[in-house]
Every structure is written in structure tokens, then in C-alpha cells.
Amino acid sequence: MTDATRQVETAKPDGALRRLLRRKLAVFGLVLIGLVLLGAIFAPWIAPFDPAEQHFDGLTLEGAPLPPGGVYLLGTDLLGRDLFTRILYGAQTSLIIGVAANGLSLIIGTLVGITAGFFRGWIGTVLMRFTDLMMAFPALLLAICLAAIFTPSLWIVAMVIALVNWVQTARVIYTETSSLAERDFIAAERILGASTGRILFRHILPHLVPTIIVWGTLGISTTVLLEATLSFLGVGVQPPTPSWGNIIFENQTYFQAAPWLVFIPGAAVLLLALAFNLVGDALRDVLDPLQRGRD
Amino acid sequence: MAGYLLRRLVQSALILLGVSFITYFLLFILPADPVRQIAGRAATAETVANIREQLGLDQPFLVQYSRYLAGLFQGDLGRSYLQRTEVSTLIGARLPATLQLMAAGIATELVLGLSMGVAAALTRGKALDNSLMITSFVTVSAPQFVVSLLLLYVFAVKLGWFPIGGYGTFAHIVLPALTLGLLGSGWYSRMMRSSMVEVLRTDYIRTARAKGLTRARVILRHALPNAVLPVIAMIGIDIGIFMGGIVVVESVFGWPGIGQLAWQAIQRVDIPIIMGVTLVSAAAIVIGNLLADLIAPFIDPRIKLR
């Protein structure tokens, strides 16, 4: 093994993880994601109450929700349900949708991008024209429209988000694939008689992994925001299933008197989206050798 | 140039045609029934069938779509199912409000984003740079509705400086424009920072310094103009994201623009309005992208349009 290849070898994953952990903001993001993940997984054990239970003592005598503090850690909502419990269960919704919708959009985007970038010709043209077309769609409007008309369940919301969000990934993967496809080592493989499948899976795809990881991470942030927005408008995840967005939707009318019902779940959405953005951005620096060492 | 322009215009028209087809198709196959909305719950099966026939909704998909398209080519966006008004009239009445908000929002995001980006680039690696970059991460991660509600709560409910919602005076536009401006500023500040950092590294900046020009003059006269243009050209590409924010911000602040029109139409399955607003937004996005590409060679003469 020559020196050059050894260097390339050491620039691979474990080195990347170490470099990632040296960045304070990335570590902050990872810790936040870890906390939300633990909260979501262990919600049934951590949560002090049942998310759907309407407590008699959860409302004041006038029927107003309780502010944070006391038995109900973060206060109660308009129906006297414990907000802390609902936030914990809401984390489940956010993460399930974040992972499912983003995974699906990543798969669609990667498939479209690789196919268009590798096969060029009419398949590539048709796919990229279609991607251009999707770029011209007002994404949020399309998502609202689809979600509103479908009477959404958790999975439909995830699907709608995936259908709107794959476009960016497809464009990035397309650009990378088409430049990879022109490289000498791919030509050499072809001459050696490698099948198209082998070239795609053994030679092109591994080079795309860093890009897929970066876009996958950044994409979760977009997905979390989109889910929250749809649920806030009342066309996303439907109550009684708690989601951070629909907690705000349900309590919005009362928000001047009980601002915590809007701002606590709002802060949760912001922090989770921020966490994935921070980690994704750090990953981009760490995994892309061209970016390394620049500012 | 003329050939390029012509080709891009044809492409843009085809994209809009595609958008109209897909939207019409989605609205056609989706389970919600506009006729039920128009007729009301108490309507008999006969009334429902009559309305369906009147609106041509009993026809097969391609017949309906080609009728819509024929109208579209004559500038006719159809008639609202529920309001019995031309969609173009409805959109025309709402468009000025949205354009005002867009202009104010884009101006705010540029002022905030560009100044933050320049400040960060000039203090690279220092505390100010770091905190500005963290701020930019926060703004790109903040949900539009949370920022809207936060500004509304602090500046309208608690401090009472601005009205809670509505339209009309300058005070009405401040909070919605600030929301859009804050949300977009992070994106611009990061681009402005890297563009400025890159320009500050070039030889001509070093030459300007070597000539003995003051730091202020080098930055204002030499670096800034070159760094700012590519960032401003991004407005065209940003329009798509911006249009999304408009729907939410208009609904929170009760701003009577096309975002709110669309949102109401979606809830009532008023398909002609949904189609109209989608097409107008898509046209804005396509025009924005086209303009961004067209001005690119004026900003950077190395770029050739082909």
C-alpha cells in the first residue's frame, strides 16, 4: 500500500467521527438529539401522566390551563392535560416522521439522482426536467394541499413530506454522479467488463455515501419543521396523537393568556431542527475533504 | 443571447404547463369532493348531480383538464366554486398585499443578512463571528409560525407597539415583514460571509492594501461591491422558499394576501382558486430563477449563457 492510499484510508469514517467530536456545536447538537431520542423512547416510563388524560385539577376554577410549575411541570393545556407528558410523546411523532419521511425522500432523491446522472440520454433528461418542474412547485403550498385533502394520518404526513422534499437531494446526487461517471476509474471498470450494476453499487454509490449522510442529516431538520408547520395549520398529525405542531394548533386561540402552550412546544421544534442542522453542517465540513481547512 | 432567452422562456412555459397538469391531476384524484362543499350537507342526490354537471365535473379527467388549459391560454383562470367570482379577480385583489409583504420581507432579510454576513467576515474567528454564525443557524432552524407568534406576543400583545394583525397602515406590515426578514437573514448572512471572505483573499484586495488605501476604503469600495452582487443574485432562487413562508405568516397575522386566499380555498376544496394561486406562485418562482440566471453574466463576466 502506497503512502497516498494510506492517507486516503485514514481520512475515512473513524477519523471523521473524531473530527466531528472536536467541534463544540456538533457535540451540542448530538447531545440535544440524544436527549430527544431518549425522551421519545422512554416516554411511557418518564412521563408522569397519560398523554390523553384530562385532569380535573389540571384547570383553574375558571377553566383556564395551569402555568408551568407544581405537579404539572410545564403546566397544562386547554383540556387540562399535562404539557410535559404531551411534549415527550410529541417527540416520538417528530422523530418518527423525521426519520420515515426523510428516509423515503432520501431514497427517492438518491435513485432519481443516480439514474439521471449515470444514464444521461433520454432517461436522464426526463428525470432532470421532472426535477426542475418539482423545483418550481411552491413546496409548502403543495404539502398543505395534499395533507388537507387526504385527512392525514402519521404515515400520510410522512409520505407527503417525502414527496415534496426529495428534489434537493436528487439535484445534489445528480451533479456528483455525473462528474463521477466521467472519471477514469469508472471508464477503467467498464473496459474491464464490469456490469452496470457492479459499477453503480461498488464504485459510484460508496463515493456518494458522505453526501447522502450530510443531506440525510440536514433533511431531518427540514422535515421536522415541515411536519410542525403542517400540524400547526391543522392539516398534519391529527389530535389526539400529540405532535409539537398540533399542540400549538390546539391551544393557539388561548395563546395570549397561556403563552407557554405555544412557546414550549415551539422551542422544542426549534431546538430539534437546530440540532440536526448543526450536526449536518459539521458533517459536511468533516466528510468533504475539499471543505477541510477552509475557515 | 436572444436564442438563450427564447429557449429559457419556452422551458419556463413548459415547466408551468407541467405544474398545472400535476396540480390538476392531484386535485382530481384526491378524495375530497368539491361538489359536496358547494351543495352543502342537506342537498339531495339530484342537486349534487346537477351541480356536478354544471361545473363539468362529471367529465373524464383529460376533458376537464383540456378545458381548463384552453381557458388558461386565454388568460382565464376559471371561476371560484364558492364565491362565484373570477379567480383572476380574486387573485388580482389580493396580489398587491402579498407583493408589499414580499418587498418588505426581502428588504428586511437583505439588510439583516448582508450586514450580519459582512460583520462576521470582518471579524472572522472572533467571538462576534461565532455568535453571528450561531444566530444564523437558529434563524434557519426556527419554524415560521413560532417566530410569527413570538413577535406577535412580545411586540403586539405585551408591549402594544404594533397592531395584533390586519392590513392598512405601515405599523401593520412591521411584524410580518420582520418575521420573514429574520427567517431569511440566516441564509443570506452565511452566503455573504463566505463571499466576503473569498473576496478578501484575492490579489486585487492585497494590491489595494499595498497601495496604502485605508482599511475602510478597501472594504467599502473594493471588497463589498464584488462580494455583495453574487449574494443579491440569490434572491431569484430564494423566492420559492419565501412563498412558503408567506402562507404561514399571512395566516398568523391575518394579512389579506394570496397565501391566505389559498389557505381558505384549500380548506373549502375550492379547486379553481387553489390552481390559480399555485400557478401564480410557480410563475413567480420560475421568473425568479430565470432572472437570477440572466443577471449572472453581468455580475461575473466569466459566466457565459449557453
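What counts and what doesn't
- Residues numbered from 1 in each chain as written.
- Chains lettered and ligands numbered in written order.
- Predicted model: local features only at pLDDT ≥ 70, side-chain atom pairs only at ≥ 80, totals over all residues.
- Domains from an automatic or database assignment.
- Contact = placed C-beta atoms within 7 Å.
- Helix = DSSP H or I, 4+ residues; strand = E, 2+ residues; numbered from the N terminus.
- Nonpolar A, V, L, I, M, F, W, Y, C, P; charged D, E, K, R; others polar.
- Buried ≥ 20, exposed ≤ 12 C-beta atoms within 10 Å, placed from the backbone.

Moving on: the domain arrangement of chain B. Residue and element names in this part refer to chain B. Split into domains, chain B comes out as domain 1 (2-73) and domain 2 (94-299). One C-alpha centre belongs to domain 1, the other to domain 2, and the line joining them spans 33 Å. Across the boundary between the two partners, domain 1 contributes 12 residues, which contact 11 residues of domain 2. Secondary-structure elements contributing two or more residues to the side of domain 1 that touches domain 2 are helix H1 (2-29) and helix H2 (34-39). Top element by residues in the side of domain 1 that touches domain 2 is H1. It accounts for nine residues. The residue inventory of the side of domain 1 that touches domain 2, partitioned by class, reads seven nonpolar, four polar and one charged.

Taken together, the contact between chain B and chain A spans 37 residues of the former and 32 residues of the latter. Going through the elements one at a time, H1, helix H6 (127-141), helix H7 (144-158), helix H11 (235-253), helix H12 (258-267) and helix H13 (271-299) of chain B are the ones with two or more residues in the side of chain B that touches chain A. Along the lines of polarity and charge, the residues of the side of chain B that touches chain A split into 28 nonpolar, eight polar and one charged.

With that settled, consider the environment of Gly90 of chain A. Residue and element names in this part refer to chain A. By secondary structure assignment, the location of Gly90 is in helix H5 (residues 83-119). For Gly90, a count of 29 C-beta atoms within 10 Å puts it in the buried group. Sequence separation between Gly90 and Leu37 is 53 residues; the distance between their C-alpha atoms is 11 Å. Non-local contacts of Gly90, meaning those with residues more than four positions away in its chain, are made with Pro242, Ser243, Trp244, Ile247 and Pro265.

With that settled, consider the environment of Ile144 of chain A. Mapped onto the elements of the fold, Ile144 of chain A is located in helix H7 (residues 139-150). Among the residues examined, Ile144 of chain A registers 28 C-beta atoms within 10 Å and is labelled buried. Through-space distance from the C-alpha of Ile144 of chain A to that of Thr229 of chain A is 9.1 Å; in sequence the pair is 85 residues apart. Apart from residues no more than four positions distant in its own chain, Ile144 of chain A is found in contact with Leu230, Leu233 and Val235 of chain A together with Val247 and Ile266 of chain B.

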